[in-house]
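Chain residues, written in single-letter form:
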Amino acid sequence: MVTVIAFWVLAILSVVASIAMVVTKNPVRSALALVGTFLCVAALYILLSAQFIAAVQVIVYAGAIMVLFLFVIMLLNLGSPGALRERGSLQPVIATGMGICFLIALLLSGSLIKLRLPAGARPEVYEPLGTVRGIGINLFDPKQPWLFPFEATSILLLVAVVGAIIMAKRKV
Amino acid sequence: MITTSHFLVLSAILFTTGVVGVLVKRNPIVIFMCVELMLNAANLSFIALGRHFGQVNGQMYVIFALAVAAAEVSVGLGIIVAIFRAKETINVDEINLMKS
């Protein structure tokens, strides 16, 4: 029962916050709305027994990435929020209509697929699936395919750091 | 009772909100935020399906998606800062560097 109430509260909050992010004109406000969405999604991860991912979501997304966004918004100092005002056009209306069509298509295509439960799996039962121990054992197991992507991620992050410095420097 | 389908529908709604945001907004920073929202919706469906099948592999994909998202944001915001230095604007309607 607690799970049901928590799901509906978090789902409604996350959808409202994401719509507020799209609707508001001020970039700082949309960044804060996005932080709200990320926190709601992190709480939903806990409902899905993914505790480690929930912590990483709060630390990396709601912490690091959004601070980076806010820094760039403050750095560029775009003046009043009306500086980027949309010219009067039909684009938002058409985009919203196409988005609703896209959502209906997604839901219809999803309803065609019958999700079958594998034998022995009981998704309603809490299980220690995503604890640090479970994630770590699976991530560093040589029999699983995750060890090489993990090492490749380090090179990716190094390249991203170098690329960000080169992009943001005035003279290389 | 909350089933996996509930989470998938929520993920679809969040993803669609991100798509509409990308189409509507003029500010590339906010467009980046909408892309992050779409990535988050995909992560949510990964985790929901991973738990549906009782496997931890869905969460593995989410870890790598997080790392790629962090790299993408740092490089993308660097590009936005560079464009702002060169053109003094970041309105996506006025930036047409690739138009010959």
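Residues numbered from 1 in each chain as written. Chains lettered and ligands numbered in written order. Predicted model: local features only at pLDDT ≥ 70, side-chain atom pairs only at ≥ 80, totals over all residues. Heavy atoms only, no water.

1. Some points on the domain arrangement of chain A
One can read the domain layout of chain A as domain 1 (2-78 + 90-116 + 125-133) and domain 2 (141-172). In this structure, domain 1 of chain A and domain 2 of chain A have C-alpha centres spaced 25 Å apart. (Domains from an automatic or database assignment.)

2. Some points on unusual backbone geometry
Trans peptide bonds make up most of the peptide bonds, and negative phi angles are found at most residues other than glycine. Residues and elements named next belong to chain A. The phi dihedral of Ser-49 falls on the positive side, at around 50°, and the residue is not glycine. Within the secondary structure layout, Ser-49 lies in the loop between helix H2 (27-47) and helix H3 (51-76). Taking relative accessible area as the criterion, Ser-49 reaches 2% and is therefore assigned buried. (Helix = DSSP H or I, 4+ residues; strand = E, 2+ residues; numbered from the N terminus. Buried < 20%, exposed > 50% of the residue type's maximum accessible area, 1.4 Å probe, protein only.)

3. Brief notes about the state of the cysteines
For the structure shown, the criterion picks out zero disulfides over all chains. Counting only cysteine sulfurs, Cys-34 of chain B is the nearest neighbor of Cys-40 of chain A, a cysteine outside any disulfide, at a range of 17 Å. Residue Cys-40 of chain A is classed as buried on the basis of its relative accessible area of 10%. (Disulfide = S-S within 2.5 Å.)

4. A word on the nonpolar core
In terms of nonpolar packing, the biggest core is built from 57 residues, with Phe-69 of chain A together with Ile-29 of chain B touching the most fellow members. Listed by contribution, the elements that provide at least two residues to this core are helix H1 (2-23), H2, H3 and helix H5 (132-139) of chain A together with helix H1 (4-24), helix H2 (28-52) and helix H3 (57-87) of chain B. (Core = buried A, V, L, I, M, F, W, Y, C linked by side-chain atoms within 4.5 Å.)

5. Structural notes on the interface of chain A and chain B
Each partner contributes to the interface: chain A provides 79 residues, whereas chain B provides 70 residues. When the two sides are added together, the surface that chain A and chain B hide from each other amounts to roughly 6700 Å², 78% of it contributed by carbon and sulfur. By the criterion of area lost to chain B, the three top residues of chain A are Leu-48, Phe-69 and Trp-146 of chain A, representing 10% of everything that side buries. Across the chain A-chain B interface, the total number found is zero salt bridges. Looking at the side of chain A that touches chain B, the elements with two or more residues in it are H1, H2, H3, helix H4 (91-112), H5 and helix H6 (147-168) of chain A. Top element by residues in the side of chain A that touches chain B is H3 of chain A. It accounts for 13 residues. Split by residue class, the side of chain A that touches chain B holds 56 nonpolar, 15 polar and eight charged. (Contact = heavy atoms within 4.5 Å. Buried area = accessible area lost by both parts, 1.4 Å probe. Salt bridge = Lys/Arg side-chain N within 4 Å of Asp/Glu carboxyl O. Nonpolar A, V, L, I, M, F, W, Y, C, P; charged D, E, K, R; others polar.)

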